[in-house]
Amino acid sequence: MTVREPNPEPRNPLGMNGIEFIEFATSQPQALGSVLQMMGFAPVARHRSREVMLYRQGTMNLITNAHPDALPGISAPTGMPTLSAMALRVRDAGYAWRHAIDLGAWEMPTRASAMELHIPGIRGAGDSLIYFVDRYKDFSIYDVDFIPLQGADRHPPAVAGLHYFGIVQAVSADRSEDWVDFYEHLFGFSVLPEGKYFGILPKGTLLESPCHKFYLQLIEPPPGAEDITWDECLLRVGLGTPDVVAATQALRDRGVVFVDRDPVQPSEKGALTQIYLGTVSFELVVSHLKPAAVS
Amino acid sequence: MNFDQFGMDTVTLAGPLEAKLRAVRDAGFGQIMLWARDIVGHPDGEAAAIAAVRQSGLRVTGLQVLRDFEGLSDHLHAYKVDVAKAMLGMCRAIGCEVLLVCSSSSTHATGDTDALIRDLQKLAMLAVPLGIRVAYEALSWGRHVNELSQAWALVERADRANLGLAIDSFHILAVKTDLDALEDIEPHKVFMTQLSDFMWQDVRSPEERVNTARHFRVFPGEGVHSAQVADLLRRLDALGYRGDYSFEVFNDDYVQLPLATVAERARRSVAWLVSQVPRRGSPLRRAAASANRPRSRPT
């Protein structure tokens, strides 16, 4: 006889352990690459079969995807880069994927060719995907699908200790609770108490990952903004640093422009870059997080 | 309560989709309830149907209807998940934010409450990335869920922001639901109210209910349960429900009458319904609200 005791699930059911990589899709990978390099990311490897590049900075892996074919149900890359995926480190990617599908996530097809790694993914906000990666300790997913660039430092150091801190997601009006359910029940995220914020953009709903290594911020359209376009999507990446002032200065020295008007004046709490290529901006946040090890 | 809260359902009207959209708009309604077959059955294909809906300027109240979803297992469950995904995709394509789901009448469905809740939670989860809300309705001939209070119990325990109730006056009248059941329901969890009446006092057997529901409904004010329909509306209004009211009127005669004639009957029904509910802020309404029993919440 099978007995199902109604005990609660563990707080971190997938064994989540931070962000493995973040992916941008764009039909202008070189223009985006210039912005990324200004932000301190260095190109380290190229995909074996597709127009995909791996950038790295300290503990952060960042992928630019310029592969022209769209996946079913997903738009093809355009000139305006979009934040197209986040890959989560988990204990067992197969289990994580099945767990998510069983609970109602949408399965997404993979682009993997022969001998390439199949990275299981589900549908996220807008056109974005959420991948599950379990090979990040003794073995790297990039060893299989990517060819290192000759002469490139495979582990370029981070500017001013930058590391992934979080991702900001735009949600439609009155939809924050729907997305809280999504992240809470599929992954084990939890909502931070109202009033607890980081950085200089204190708004929306803040969710903490069950591994306590990054955050998601859900932002609804501001009141009175009925006429503006506000499609659900991943909006920007938050980068943590122990010293925002030093990081801001170091990035300014590299040519990055920060918004210097209220209410987002750079301060010791945070700073916001200008928008590049129509859609790309980064938010600096003073961070208590300990950066994860790079794979 | 005002005219903008009311809409018609394509099931009440004869003819092609474009004619239905035009008739509803010409009658002054701002919204319309669609059925999936309105879209996939269009002679020029789905894309033409979607374009017609979007060009009509009408808001889509909801998409009908996902049947027999909850309580299945193994391959039957997987099959229904596929159907649900296709219907959610259709919702998104026509710019509709609510998928209507009626309680299962399948003999293959379990009545195990935990399983039913798990399935509704899964459906709600599937709907999140597409921006759809799921409105669950107790069919009066549902196999395990056939009363409003049962549907509410599942929705409440499932506890998902985008999962709520569809209240249908027909089923309430058909099984003579005690309207005090409404007092337990959170008004913001009522995603949709469907209104209709019928012409006979009693529909005793499930077979009679199915037959009446599918062929002999009339607009509110035209049937023999006017007092109960008005009572339902007053209670919903007093409860704080401010959502949509859709006329779900299946009627074999109406689908052989000119569309404008049927739409005019719908207009008259709105006028009658609005006259039955005291205006907000009026002494009568305040009295009705204070007469409401205190809300008992499960702990």
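Residues numbered from 1 in each chain as written. Chains lettered and ligands numbered in written order. Predicted model: local features only at pLDDT ≥ 70, side-chain atom pairs only at ≥ 80, totals over all residues.

Engineer: I keep staring at the overall build of chain B and nothing clicks. Help me out?
Structural biologist: Looking only at helices and strands, chain B features 11 helices and 10 strands. In summary, chain B has a C-alpha radius of gyration of 18 Å against a globular reference of 19 Å for 299 residues, a match within 12%. Counting only C-alpha atoms, chain B reaches 55 × 50 × 35 Å along its principal axes. When burial is assessed residue by residue, chain B has 46% of its 299 residues classed as buried. If you take every contact in chain B between residues at least 6 apart in sequence, the share linking residues at least 24 apart comes to 81%. (Helix = DSSP H or I, 4+ residues; strand = E, 2+ residues; numbered from the N terminus. Rg over C-alpha atoms; globule rule 2.2 N^0.38 Å. Buried ≥ 20, exposed ≤ 12 C-beta atoms within 10 Å, placed from the backbone. Contact = placed C-beta atoms within 7 Å.)

Engineer: Can you help me understand the sheet that holds strand S11 (residues 190-191) of chain A in this one?
Structural biologist: Two modes of strand pairing occur in sheets, parallel and antiparallel, and in both the strands are linked by backbone hydrogen bonds. All names here are of chain A. Pairing within the open sheet is mixed, and its 7 strands lie in the order S11-S12-S13-S10-S14-S16-S15. Two strands lie at the open edges of the sheet, namely S11 and strand S15 (270-272), each paired on one side alone. In the sheet, strand S10 (residues 163-170) pairs with strand S13 (residues 215-219) via 5 bridges, with the strands oriented parallel. Looking across to S13, one finds that Ile 167 is bridged to Leu 216. Against the sheet, helix H4 (residues 176-187) makes contact with S11, strand S12 (205-208) and S13, and its axis sits at roughly 0° relative to S12, the strand it touches most. Sitting on the sheet, helix H5 (residues 244-253) is in contact with strand S14 (233-241), S15 and strand S16 (282-286), with an inclination near 150° to S16. (Pairing = 2+ DSSP bridges. Axes fitted to C-alpha atoms, helices over the stretch in contact; angles between N-to-C directions.)

Engineer: Would you explain the sheet that holds strand S4 (residues 98-102) of chain B in this entry?
Structural biologist: Residues and elements named next belong to chain B. Strand order around the closed barrel formed by 8 strands is S1-S2-S3-S4-S5-S6-S7-S10, with parallel pairing between neighbours. Each strand of the sheet is rotated relative to its neighbour by a mean of 30°, with strand direction disregarded. As defined by bridge partners, strand S1 (residues 6-9) adjoins strand S2 (residues 31-35) across 2 bridges and the pair is classed as parallel. By the bridge assignment, Asp 9 is partnered in S2 with Met 33.

Engineer: What is the right way to look at the interface of chain B and chain A in this model?
Structural biologist: Reports often express the size of an interface as the amount of accessible area lost when the parts come together. The interface of chain B with chain A comprises 10 residues on the first partner and 16 residues on the second. Counted by class, the side of chain B that touches chain A contains 6 nonpolar, 2 polar and 2 charged residues. (Nonpolar A, V, L, I, M, F, W, Y, C, P; charged D, E, K, R; others polar.)

Engineer: For this particular structure, what's the right way to read the domain arrangement of chain A?
Structural biologist: Residues and elements named next belong to chain A. When its domains are assigned, chain A resolves into domain 1 (19-148) and domain 2 (159-286). Placing a centre on the C-alpha atoms of domain 1 and another on those of domain 2 gives a separation of 20 Å. Facing 23 residues of domain 1, the contacting portion of domain 2 comprises 24 residues. Those elements that provide at least two residues to the side of domain 1 that touches domain 2 are strand S1 (19-25), helix H1 (29-38) and strand S5 (82-89). With 4 residues, the single largest contributor to the side of domain 1 that touches domain 2 is H1. Grouping the amino acids of the side of domain 1 that touches domain 2 by side-chain chemistry returns 16 nonpolar, 7 polar and no charged. (Domains from an automatic or database assignment.)

Engineer: So what exactly am I meant to see when it comes to the confidence of the model for chain B here?
Structural biologist: Detailed reading of predicted coordinates is not advised where the pLDDT is low. Residues and elements named next belong to chain B. A residue-level look at chain B finds 94% of positions with pLDDT of 70 or above and a mean pLDDT of 92. Overall, residues 284-299 carries pLDDT values under 50, and its contacts beyond four positions in sequence, including any with other chains, amount to 14 contacts. The ipTM assigned to the predicted complex is 0.91, against a pTM of 0.92. (pLDDT = per-residue confidence, 0-100.)

Engineer: Help me understand the pairing of S2(B) in this model?
Structural biologist: Remark: a regular strand shows side chains that alternate across the two faces of the sheet. Residue and element names in this part refer to chain B. For the segment spanning S1, helix H1 (residues 17-26) and S2, crossover handedness is right-handed. Alignment of S2 against strand S3 (residues 59-66), held across 5 bridges, turns out to be parallel. Considered in S3, the bridge of Ile 32 is made with Val 60. (Right-handed = clockwise from strand over helix to strand, strands pointing away.)

Engineer: Before we go on, may I ask you to explain the environment of Val190(B) in this structure?
Structural biologist: Relative to the assigned elements, Val190(B) resides in strand S7 (residues 190-195). For the pair Val190(B) and Arg242(B), spaced 52 residues apart in sequence, the C-alpha to C-alpha distance is 9.2 Å.

Engineer: I'm lost on H4(A) in this one. Help?
Structural biologist: Note on helix geometry: an α-helix contains 3.6 residues per turn, so any two residues three or four positions apart are oriented the same way. Compared with an ideal rise of 1.5 Å per residue, which puts 12 residues at 16 Å, H4(A) spans 16 Å between its outermost C-alpha atoms and is within 8% of the ideal. Among all positions of H4(A), only Asp178(A), Trp179(A), Val180(A), Phe182(A), Tyr183(A), His185(A), Leu186(A) and Phe187(A) are buried. If you follow the buried residues of H4(A), they end up packed against helix H2 (93-102), S11, S12 and S13 of chain A together with helix H5 (113-127) of chain B. Looking one or two residues past H4(A), Gly188(A) carries a phi angle of roughly 95°, positive in sign. (Expected span 1.5 Å × (residues − 1).)

Engineer: Quick question: what am I supposed to make of unusual backbone geometry here?
Structural biologist: Keep in mind that most residues, glycine aside, have a negative phi and that most peptide bonds are trans. Residue Asp262(A) is joined to Pro263(A) through a cis peptide bond whose omega torsion reads 5°. Along the chain, the position of Pro263(A) falls in the loop between H5 and S15. The omega angle of the peptide bond from Gln64(B) to Val65(B) is -15°, so this bond is cis rather than trans. Examined against the element boundaries, Val65(B) turns out to sit in strand S3. Residue Asp174(A) is not a glycine yet carries a positive backbone phi of 65°. Looking at where Asp174(A) falls in the secondary structure, it is placed in the loop between S10 and H4.

Engineer: Explain the nonpolar core to me, please; I cannot follow it from the model alone.
Structural biologist: As a rule of thumb, soluble globular proteins bury nonpolar side chains together. Residues Leu88(A), Leu99(B), Val101(B), Val134(B), Ala135(B), Tyr136(B) and Leu165(B) are the most contacted members of the largest nonpolar core, which totals 168 residues. Element by element, the count of residues in this core is highest for H5(B), at 8 residues. In this view, Tyr136(B) contacts Val101(B), Leu120(B), Ala151(B), Leu154(B), Val155(B), Leu163(B), Leu165(B) and Ala166(B); residues no more than four positions away in its chain are not counted. (Core = buried A, V, L, I, M, F, W, Y, C linked by C-beta atoms within 7 Å.)

Engineer: Would you mind going over the packing of helix H4 (residues 74-94) of chain B against H5(B) with me for this structure?
Structural biologist: Each pair of packed helices can be described by the angle between their axes along with the distance between the axes. All names here are of chain B. Where H4 meets H5, the closest approach of the two axes is 10 Å, and the angle between their N-to-C directions is 35°. Classified by chirality, the crossing of H5 by H4 is right-handed. For the pair H4 and H5, the contacting residues are Ala 84, Lys 85 and Leu 88 in the first and Leu 123, Leu 126 and Ala 127 in the second. Classifying every residue of the contact of H4 with H5 by side-chain character gives 5 nonpolar, no polar and 1 charged. (Left-handed = near helix turned anticlockwise from the far one by under 90°.)

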